[in-house]
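Examination of the molecular architecture
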Amino acid sequence: QVQLVESGGGLVQAGGSLRLSCAASGSIFFYNAMNWYRQAPGNQRELVAGITRGGSTNYADSVKGRFTISGDNARNTVHLQMNSLKPEDTAVYYCNLIFPHDTYWGQGTQVTVSA
């Protein structure tokens, strides 16, 4: 069984920074990628950033240059460094872990950016 636990969310003023972490436990040796998604009220869940097992990264256009995803393989943790935050970044942020035949999600962490 795979478990994902996000942390690091909170309230920050526009222009500030937050660092989200997603810790994975269980049978995770053959995952393909880990991603961060977010979902704001009334909106669909959208991909924010992803990192493959090999270390390749991708970002949504809206966060390029502001967010950085990184992996800590020794601790089975993925981080999302979020800088220059904007009110429109306000959402619940979820991490997921993709295997060839399964996808697992964390419970989410709230990020609120005040104007």
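Residues numbered from 1 in each chain as written. Predicted model: local features only at pLDDT ≥ 70, side-chain atom pairs only at ≥ 80, totals over all residues. Heavy atoms only, no water.

So, the overall build of the chain
Broken down by element type, the chain carries zero helices and eleven strands. Helices and strands appear in the chain in the N-to-C order β-β-β-β-β-β-β-β-β-β-β. For 115 residues, the compact-globule estimate of 2.2 N^0.38 gives 13 Å, and the C-alpha radius of gyration of the chain, at 13 Å, lies within 12% of that figure. The principal-axis extent of the C-alpha atoms belonging to the chain is close to 40 × 25 × 20 Å. Here the chain holds 115 residues, and 42% of them are scored as buried. Here the analysis covers contacts within the chain between residues at least 6 apart in sequence; of these, 54% occur between residues at least 24 apart. Carbon and sulfur atoms provide 48% of the accessible area of the chain, an area that totals close to 6200 Å². A gap of 5 Å separates the mean positions of the 8 positive and 7 negative side-chain charges of the chain. (Helix = DSSP H or I, 4+ residues; strand = E, 2+ residues; numbered from the N terminus. Rg over C-alpha atoms; globule rule 2.2 N^0.38 Å. Buried < 20%, exposed > 50% of the residue type's maximum accessible area, 1.4 Å probe, protein only. Contact = heavy atoms within 4.5 Å. Areas by Shrake-Rupley, 256 points an atom, 1.4 Å probe, with all protein chains shown as cover. Lys, Arg positive; Asp, Glu negative; His and termini not counted. Charge placed at Lys NZ, Arg CZ, Asp CG, Glu CD.)

Overview of the pattern of salt bridges
For the structure shown, the criterion picks out four salt bridges. Between arginine 38 and aspartate 89 there is a salt bridge, with the nearest N and O atoms lying 2.9 Å from each other. Placement of the pair is arginine 38 in strand E4 (residues 33–39) and aspartate 89 in the loop between strand E8 (77–82) and strand E9 (91–98), with a sequence separation of 51 residues. Note on accessibility: arginine 38 and aspartate 89 belong to one class, buried. The partner of arginine 66 in a salt bridge is aspartate 89, with the nearest N and O atoms 2.8 Å apart. Taken as a pair, arginine 66 in the loop between strand E6 (57–59) and strand E7 (67–72) and aspartate 89 in the loop between E8 and E9 lie far apart in primary sequence, 23 residues in all. Each of the two residues, arginine 66 as well as aspartate 89, counts as buried. One connected set of salt bridges, linked through shared partners, spans Arg38, Glu46, Arg66 and Asp89. (Salt bridge = Lys/Arg side-chain N within 4 Å of Asp/Glu carboxyl O.)

Comments concerning the sheet that holds strand E1 (residues 3–7)
If you trace the four strands from one edge of the open sheet to the other, you get E1-E3-E8-E7, paired in antiparallel fashion. The open sheet has two edge strands, E1 and E7, and neither has a second partner. Direction aside, neighbouring strands of the sheet carry axes that sit 15° apart on average. The pairing of E1 with strand E3 (residues 18–25) spans five bridges and is classified as antiparallel. Its bridge partner being in E3, leucine 4 is matched across the sheet by alanine 24. (Pairing = 2+ DSSP bridges. Axes fitted to C-alpha atoms, helices over the stretch in contact; angles between N-to-C directions.)

By themselves, these figures tell us nothing about what the structure is for.
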